Every structure is written in structure tokens, then in C-alpha cells.
Amino acid sequence: MFLQIENQIPRRNRRLPDWFRVPAPGNAGYRELKRLMRELDLHTVCESAKCPNIGECWGAGTATFMILGDICTRSCGFCAVKTGRPQGLDTDEPGRVAEAVVRLGLRHAVVTSVNRDELPDGGASIFAATIREIRRLRPETRVEVLIPDFQGNWPALDTVMSAGPDILNHNVETPPRLYRLMRPQANYAQSLELLRRAGITNPGIPTKSGIMVGAGETVEEVYQTIDDIAEQGTAILTVGQYLQPSPAHVSISRFYRPEEFEKIRLFAEMRGFLHVESGPLVRSSYHAASQVVAG
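Residues numbered from 1 in each chain as written. Predicted model: local features only at pLDDT ≥ 70, side-chain atom pairs only at ≥ 80, totals over all residues. Heavy atoms only, no water.

S.K.: So what exactly am I meant to see when it comes to the pairing of strand β4 (residues 64-67) here?
M.R.: On any regular strand, side chains alternate: one points to one face of the sheet, the next to the other face. Of the two faces of β4, the one carrying T64 and M66 and the one carrying F65 and I67 are both buried. Pairing of strand β3 (residues 43-44) with β4, which is carried by 2 bridges, proceeds in the antiparallel orientation. The residue bridging T44 from the neighbouring strand is F65, located in β4. Looking at chain direction, β4 and strand β7 (residues 108-113) are connected through 4 bridges and run parallel. By the bridge assignment for β7, T64 is matched with V110. (Buried < 20%, exposed > 50% of the residue type's maximum accessible area, 1.4 Å probe, protein only. Helix = DSSP H or I, 4+ residues; strand = E, 2+ residues; numbered from the N terminus. Pairing = 2+ DSSP bridges.)

S.K.: I'm lost on the packing of aromatic side chains in this one. Help?
M.R.: What describes a pair of aromatic rings is the distance from one ring centre to the other and the angle between the planes of the rings. Tallied over the entire structure, the rule returns 4 aromatic pairs. Taken together, a centroid distance of 6.4 Å and an interplanar angle of 80° make the contact between F127 and F150 edge-to-face. Of this pair, F127 sits in helix α5 (residues 124-137) while F150 sits in the loop between β8 (142-146) and α6 (154-162); the two residues are 23 residues apart in sequence, bridging distant segments of the chain. For the pair formed by F127 and F150, the shared burial category is buried. With a centroid separation of 5.9 Å and 50° between ring planes, the pair formed by Y256 and F261 is classed as tilted. Residue class for F261 comes out buried when judged on its relative accessible area of 1%. Over the face of the ring belonging to Y256 we find R254, whose NZ or CZ atom lies 3.8 Å from the ring centre. (Phe/Tyr/Trp six-rings, centres within 6.5 Å; stacked < 30°, edge-to-face > 60°. Lys NZ or Arg CZ within 6 Å of the ring centre and 35° of its normal.)

S.K.: Would you mind going over the sheet that holds β3 with me for this structure?
M.R.: Strand pairs in the sheet, formed through backbone hydrogen bonds, run parallel or antiparallel to each other. On the basis of which strands lie adjacent, the open sheet formed by 8 strands has the order β3-β4-β7-β8-β9-β10-β11-β12 and mixed pairing. Each of the sheet's edge strands pairs with one partner strand only, and the pair in question is β3 and β12 (275-278). Of the pairings in the sheet, the one linking strand β10 (residues 207-213) to strand β11 (residues 236-241) comprises 6 bridges and is parallel in character. Directly across from I211, in β11, lies its bridge partner V239. Against the sheet, helix α9 (residues 219-230) touches β10 and β11, its axis set at about 170° to β10. (Contact = heavy atoms within 4.5 Å. Axes fitted to C-alpha atoms, helices over the stretch in contact; angles between N-to-C directions.)

S.K.: I keep staring at the packing of α9 against helix α10 (residues 258-270) and nothing clicks. Help me out?
M.R.: The description of two helices packed together rests on the angle between their axes and the distance between the axes. Put simply, α9 and α10 touch, their axes get as near as 10 Å, and they point 30° apart. The angle between the axes of α9 and α10 places the two elements in the roughly parallel class. Seen from above, α9 lies across α10 with right-handed handedness. Together, V222, Y223, I226 and D227 of α9 and K263, I264, F267 and A268 of α10 make up the contact between the two elements. In terms of residue class, the contact of α9 with α10 is made up of 6 nonpolar, no polar and 2 charged. (Parallel < 35°, antiparallel > 145°, perpendicular 65-115°, else oblique. Left-handed = near helix turned anticlockwise from the far one by under 90°. Nonpolar A, V, L, I, M, F, W, Y, C, P; charged D, E, K, R; others polar.)

Laid out in C-alpha cells, this is it:
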């Protein structure tokens with residue numbers, strides 16, 4: 001059974017290309033993982049961001065944990081996560097994430113978060129605690145973190161790096177010209193600086209970033225953005241098709257064809273990335289376990 005992802009694009013563009021056919025969620029693995037997330041009161045970006053790969057990934061027993069709650073202080077034009085004013089800080093959350101990792105037997109865990117701009121460190125201490133708890137309960141598990149920009153708070157970045165993640169991911173998302181629409185509370189140069197600083201702080205920890213295409217950028221802008229990310233010493237890159245979560249979000253400008261994603265992949269590899277995932281359904285955490293060797 002397959003699911004055509006029709007609820008994620010504007011009505012006028014609902015005839016998706018044939019390559020947007022994904023397994024419908026609902027198998028036994030999917031149901032068990034969903035039950036475990038509710039039992040432990042945890043959130044996943046797979047659900048909150050309406051990821052099209054949720055059926056495949058959850059069915060295989062993998063998920064991206066979303067810490068620091070499910071309400072984001074920012075209002076990005078591409079993201080389905082709820083925007084608002086988060087209340088409180090759940091300091092027990094790192095332990096529950098680690099418990100889920102143990103119960104799922106994960107060999108590679110991905111941890112991301114909403115933006116918590118109201119916190120002095122943007123939630124960096126909770127990221128660090130989560131890494132350490134996973135290490136304590138299941139030391140054989142690789143830990144990848146997908147972090148926000150912490151508003152350029154570099155001591156907060158140091159807090160995360162000092163916990164020793166196996167991969168440090170921060171997504172640039174889109175060319176600078178589209179930041180006003182896609183990431184109005186972020187800064188392109190600041191995101192690049194975060195990647196540069198992370199690489200300098202601990203060269204043994206590979207850095208990773210991702211972009212979306214199909215939101216109005218030109219091909220030249222895509223290549224320039226990849227160039228900019230490469231110049232920061234970034235090891236891993238993901239490139240995927242933007243899908244509009246609701247009519248209130250930024251519209252899709254066009255669908256890139258699989259052969260275009262292949263050209264982007266080849267270009268990125270020529271720019272020195274050690275591992276590149278480029279395809280219509282690629283997301284930040286897609287096939288993340290296979291990218292560990294890039295470090």
C-alpha cells in the first residue's frame with residue numbers, strides 16, 4: 001500500500017510526480033514506536049514536521065527525537081511545528097529519550113529540538129544532558145544532534161560540543177535571498193559561522209548540514225549555497241524537495257526531477273563533502289545511520 005502525499009502541497013499543485021509515492025504508515029513497527037513515544041511522553045520531528053518518510057523510518061524502528069517540547073518560538077515559512085510560547089523546561093526528558101533508545105535498541109540516535117529562544121542557552125544544556133544519558137545507558141549507540149543556531153550564542157554551542165556527539169548537524173535550509181520567507185528569525189551568515197566554529201572546536205566530530213529546493217531559488221543559488229556550506233569544512237550534506245505543510249506556508253515553486261538531484265549530488269561531492277544524500281524525499285535524518293562513515 002502506498003500513500004500519495006497530497007495534504008502537504010498547495011491545492012493547485014496536488015498532482016505530485018510519480019516519484020512521490022511512499023509506504024503508508026501503519027505496520028507493526030510503526031504502531032509500536034508510536035505507542036512507545038506516547039508512553040514516555042516524547043516528541044518526534046517525524047510527526048511534528050509531517051515528514052513523508054515516517055512510514056518507512058518508523059516501520060524500521062528509527063525516529064528523530066525532538067526535545068525541548070513541541071512548541072517553537074520561531075515561525076519558519078517551511079515548517080509544520082507549532083509556533084508559540086513554550087512553558088517550562090522538562091529536565092527529566094534526557095533520561096526518557098535515553099530509555100527509548102535502549103528499548104528500541106538503536107545503533108544510531110538522532111536528536112533535534114524546537115527553537116527555545118527564550119532560554120538563556122537556547123536549550124543547549126538539555127542537548128548535552130541527552131547525549132550524556134544515551135552514552136550512559138547505551139554507550140554503543142552513535143548520537144547525532146541537529147541543533148538550532150542558539151542565536152549565535154557560541155558558549156551554548158560549546159556546551160553541546162563538549163558532550164561529544166558523533167555528528168553535529170545544523171541546517172542552512174535555503175539560499176540567503178529566501179531567508180525572509182523561509183527563516184525570518186534566522187541569519188544565513190550566522191548558520192555558516194556555527195558550522196565553521198563546530199568544526200574548529202572539535203575537528204574529530206564531523207559536521208553536517210542540509211538544504212531544501214523548490215521554494216523559489218535558482219539552480220545557481222543552490223550551487224552557491226552548497227559552496228558556502230562546503231567552505232565551512234562541513235563533511236555531510238542532505239538535499240531534499242521542499243513540500244508545503246499547509247496553505248499558510250511558503251508555496252512550492254517547482255518539483256526537482258530525480259536526475260536534477262543526482263546532478264546536485266555530483267556537484268556536492270566534487271566540492272569535497274564526504275557523504276551526500278540528494279533526492280526528492282531526502283530529509284535531515286534520512287538514512288542517517290549510513291552517514292556515520294563520513295566522519
